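Breakdown of the fold
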Amino acid sequence: MRFWDKAAALAREGEIVRFGFITTNSISQVSNNQIIKKHLEAENPLSIVYAIPDHPWVDGAGNAKVRIAMTVGEAGSKEGTLAVITKSQKGYDGVPQLEFSTRYGYIKPNLTVGPSLTNAKALKANAGLAFMGIKPVGKGFIITKEKAEELGLGTTPGLQKHIRPYMNGRDVVGINRGLLAIDMCQLNADEVNRCFPLVFQWLHDTVKPIRDQNKMESRRLNWWKFGSAITGFNKAVSGLPRYIVTCNTAKHRLFIFLDSNVIPDGALTAIALDDAFYLGVLSSRVHEIWADATGGTRGQGKVYNKTLSFDGFPFPDANSTTMEKIRELGEAIDQHRKQRQSMFPQLTLTEMYNLMGILRNGDELSERDLQAIEHGQIKDLLEMHDELDETVATSYGWPSDIADAEVLELLIQLNKTRASNE
């Protein structure tokens, strides 16, 4: 980004005519596209005249599998060409054969064409609902069930409130490892030592030596506590039977319910809502379009930016009938996935949604794919998602076949109206 910044400045100053870079595709993330935004919105602006936001980069043998972006910049206010991969097939010697669709227009800092998200605001209606999960900062906090029992879980009164199930992104979209986390954030060191001496000794031996080297004073002094606070999250989900999570970075933008006793890792965004209506809306194409536009990418995954992707998202003002239908579909999707995974524990959410994409595209299926489709009843899942997408679009008063660009433009307008009303 430093060199992109320098080249953009040279172009705006007239020192060079045009520049181009191959970068990782994380250039579209919020932290990076702020540098692009600075030049595109300057008084003597720069324009991106050509871009491919996400492209595979492989060597001849197909070993170096990373994702890149390509950007070309020129001085002035100009429209550009955005190329997006629509189909990728294995080609000769591992080099993929690609098909593109192109759009012409103003290319934004996040490497999309269409309405600008520059003025989108976090909404008060969504405030205090979404949280980043915990950062343990010390491997000793995360333990197996066997280790928890050694430390007194099941025999020491009250310990069950402090050793609870824990999940990170891999547990959500992959196979759940069944790990637990030690949460002593509500106690001081003396209380931990007095009430749970075995736990205190374990944390003293496994966490404190690492925390003693930490640059943050609060983490050094409070070594028996997680590295990031969990108080706000615990308070928000208090009294709820469950809450919603999504992975901060993942191939597919998925939302699921977790039991309120589960401690979410920092790789997850936790949303303190237990109503399947919200799960349904968040799981829809409408929200996916918004999340993709506000979040960017990292490597081969999509990034969820809590501040804009959730806090700024305008939920539909649905009537009771439509709201109930979305609620039923959201509940049905969540239950369907969990039921199939309980029957086939090796079936992951990533695999289920990979297969759903293959069915949508009409791609060729392997024998293994066909078996997994049967295990996951993926055709039924696809039908539920299609019905959900149509119902959520209807809840906004839009046709079911509305174009992605129009969805984004209308959501930006709705965000502006809601923010103004608030």
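In case you missed it, the structure is sitting above this.
Residues numbered from 1 in each chain as written. Predicted model: local features only at pLDDT ≥ 70, side-chain atom pairs only at ≥ 80, totals over all residues. Heavy atoms only, no water.

What follows concerns the overall build of the chain. Within the chain, the regular secondary structure consists of 17 helices and 16 strands. In terms of C-alpha radius of gyration, the chain reaches 24 Å, essentially the compact-globule figure of 22 Å for 422 residues. For the chain, the proportion of contacts with a sequence separation of at least 24, taken over those separated by at least 6, is 68%. Counting every atom, the chain has about 20800 Å² of accessible surface; 51% of that belongs to carbon and sulfur. Taken as two groups, the 48 positive and 50 negative side-chain charges of the chain have centres that lie 7 Å from each other. (Helix = DSSP H or I, 4+ residues; strand = E, 2+ residues; numbered from the N terminus. Rg over C-alpha atoms; globule rule 2.2 N^0.38 Å. Contact = heavy atoms within 4.5 Å. Areas by Shrake-Rupley, 256 points an atom, 1.4 Å probe, with all protein chains shown as cover. Lys, Arg positive; Asp, Glu negative; His and termini not counted. Charge placed at Lys NZ, Arg CZ, Asp CG, Glu CD.)

Bringing the side chain of His 385 into the picture now. With respect to the helices and strands, His 385 occurs in helix H16 (residues 378-395). Residue class for His 385 comes out buried when judged on its relative accessible area of 5%. If we skip the residues at most four places from it in the chain, His 385 touches Ser 283, Ile 333, Tyr 353, Met 356 and Arg 360. (Buried < 20%, exposed > 50% of the residue type's maximum accessible area, 1.4 Å probe, protein only.)

A separate point is the pattern of salt bridges. Applying the stated criterion across every chain yields a total of 20 salt bridges. Across the salt bridge formed by Asp 171 and Arg 177, the nearest N and O atoms sit 2.9 Å from each other. For Asp 404, the salt bridge is made with Arg 285, and the minimal N-O distance between the two is 2.7 Å. Of the two residues, Asp 404 is situated in helix H17 (residues 404-421) and Arg 285 in helix H11 (residues 285-295); the sequence distance between them amounts to 119 residues. (Salt bridge = Lys/Arg side-chain N within 4 Å of Asp/Glu carboxyl O.)

Here the focus is the packing of aromatic side chains. Overall, the coordinates contain 14 aromatic pairs when judged by the stated rule. Ring centres of Trp 4 and Phe 19 lie 5.1 Å apart, and the angle between their planes is 90 degrees; on these two criteria the pair is classed as edge-to-face. In this pair, Trp 4 sits in helix H1 (residues 2-12) while Phe 19 sits in strand E1 (residues 18-24), placing the two residues 15 residues apart along the sequence. The two residues Trp 4 and Phe 19 agree in class, both being buried. Both rings, one in Phe 277 and one in Tyr 278, keep their centres 5.1 Å apart while their planes meet at 75 degrees; by these two values the pair is edge-to-face. The exposure class of Tyr 278 is partly exposed, given its relative accessible area of 26%. Chaining the aromatic ring pairs together yields one cluster made of Phe 277, Tyr 278, Trp 290, Phe 310, Phe 313 and Phe 315. The aromatic ring of Phe 3 is capped on one face by Arg 2, whose charged end is 5.4 Å from the ring centroid. A cation over an aromatic ring shows up here: Arg 242 above the ring of Phe 257, its NZ or CZ 3.6 Å from the ring centre. (Phe/Tyr/Trp six-rings, centres within 6.5 Å; stacked < 30°, edge-to-face > 60°. Lys NZ or Arg CZ within 6 Å of the ring centre and 35° of its normal.)

What follows is about the nonpolar core. Buried together is how nonpolar side chains tend to be arranged in soluble globular proteins. Counting residues in each nonpolar core, the largest one holds 95 residues, and the members touching the most others are Ile 163, Val 172, Met 184, Val 199, Leu 203 and Phe 310. If one sorts the elements of this core by residue count, H16 sits on top with six residues. Once residues lying within four places of it in the same chain are set aside, the contact partners of Val 199 are Leu 151, Leu 159, Ile 163, Ile 182 and Met 184. Within the second largest apolar cluster, 16 residues are counted, among which are Ala 7, Leu 40, Ile 48 and Leu 82. (Core = buried A, V, L, I, M, F, W, Y, C linked by side-chain atoms within 4.5 Å.)

Before going further, it helps to spend a moment on the sheet that holds strand E5 (residues 97-105). Judged by pairing direction, the sheet is mixed, and its five strands sit side by side in the order E1-E3-E2-E4-E5 without closing on themselves. The open sheet terminates on both sides in strands that have one partner only, identified here as E1 and E5. The mean inter-strand angle of the sheet, taken between neighbouring strand axes irrespective of direction, is 15 degrees. Contacting E1, strand E2 (46-57) and strand E3 (66-75), H1 crosses the sheet at an angle of about 165 degrees to E1. (Pairing = 2+ DSSP bridges. Axes fitted to C-alpha atoms, helices over the stretch in contact; angles between N-to-C directions.)

Taken together, the four strands give an open sheet; going across it, the order is E7-E9-E8-E13, and neighbouring strands pair in mixed fashion. Across the chains shown, the open sheet's two edge strands, defined by having one partner strand only, are strand E7 (142-143) and strand E13 (263-264). Relative to strand E9 (residues 180-182), E7 runs antiparallel, the two being bridged by two bridges. Bridging across to E9, Ile 142 finds its partner in Ala 181.

For strand E8 (residues 163-167), the buried fraction is high: four of the five residues fall into the buried class. Pairing of E8 with E9, which is carried by three bridges, proceeds in the antiparallel orientation. Bridged to Pro 165 within E9 is Leu 180. Two elements, E8 and E13, share two bridges in a ladder whose sense is parallel. The residue of E13 that forms the bridge with Tyr 166 is Ile 263.

A contiguous nonpolar surface patch, about 300 Å² in accessible area, is contributed by Ile 22, Trp 57 and Val 66. Assignment of secondary structure puts Trp 57 in strand E2. Residue class for Trp 57 comes out partly exposed when judged on its relative accessible area of 42%. (Patch = residues over 30% accessible without salt bridge, like charges linked within 9 Å, V, L, I, M, F, W, Y side chains within 5 Å.)

How two helices pack is summed up by the angle between their axes together with the distance between the axes. Taken N-terminus to C-terminus, the directions of helix H13 (residues 320-343) and H16 make an angle of 155 degrees; their axes are 10 Å apart at the nearest point. With respect to each other, H13 and H16 are oriented roughly antiparallel. Read as a crossing pair, H13 and H16 show a hand that is left-handed. On H16, the residues touching Thr 322, Lys 325, Ile 326, Leu 329, Ala 332, Ile 333, His 336 and Arg 337 of H13 are Asp 380, Leu 381, Met 384, His 385, Glu 387, Leu 388, Thr 391, Val 392 and Ser 395. (Parallel < 35°, antiparallel > 145°, perpendicular 65-115°, else oblique. Left-handed = near helix turned anticlockwise from the far one by under 90°.)

Where helix H14 (residues 349-361) meets helix H15 (residues 367-376), the axes come as close as 10 Å, and the angle between the chain directions of the two elements is 110 degrees. Relative to H15, H14 is oriented roughly perpendicular. In this structure, the crossing between H14 and H15 has a hand that is left-handed. Contacts between H14 and H15 involve Glu 351, Met 352, Leu 355, Ile 358 and Leu 359 from the first element and Arg 368, Asp 369, Ala 372, Ile 373 and Gly 376 from the second. Partitioning the contact of H14 with H15 into residue classes produces six nonpolar, one polar and three charged. (Nonpolar A, V, L, I, M, F, W, Y, C, P; charged D, E, K, R; others polar.)

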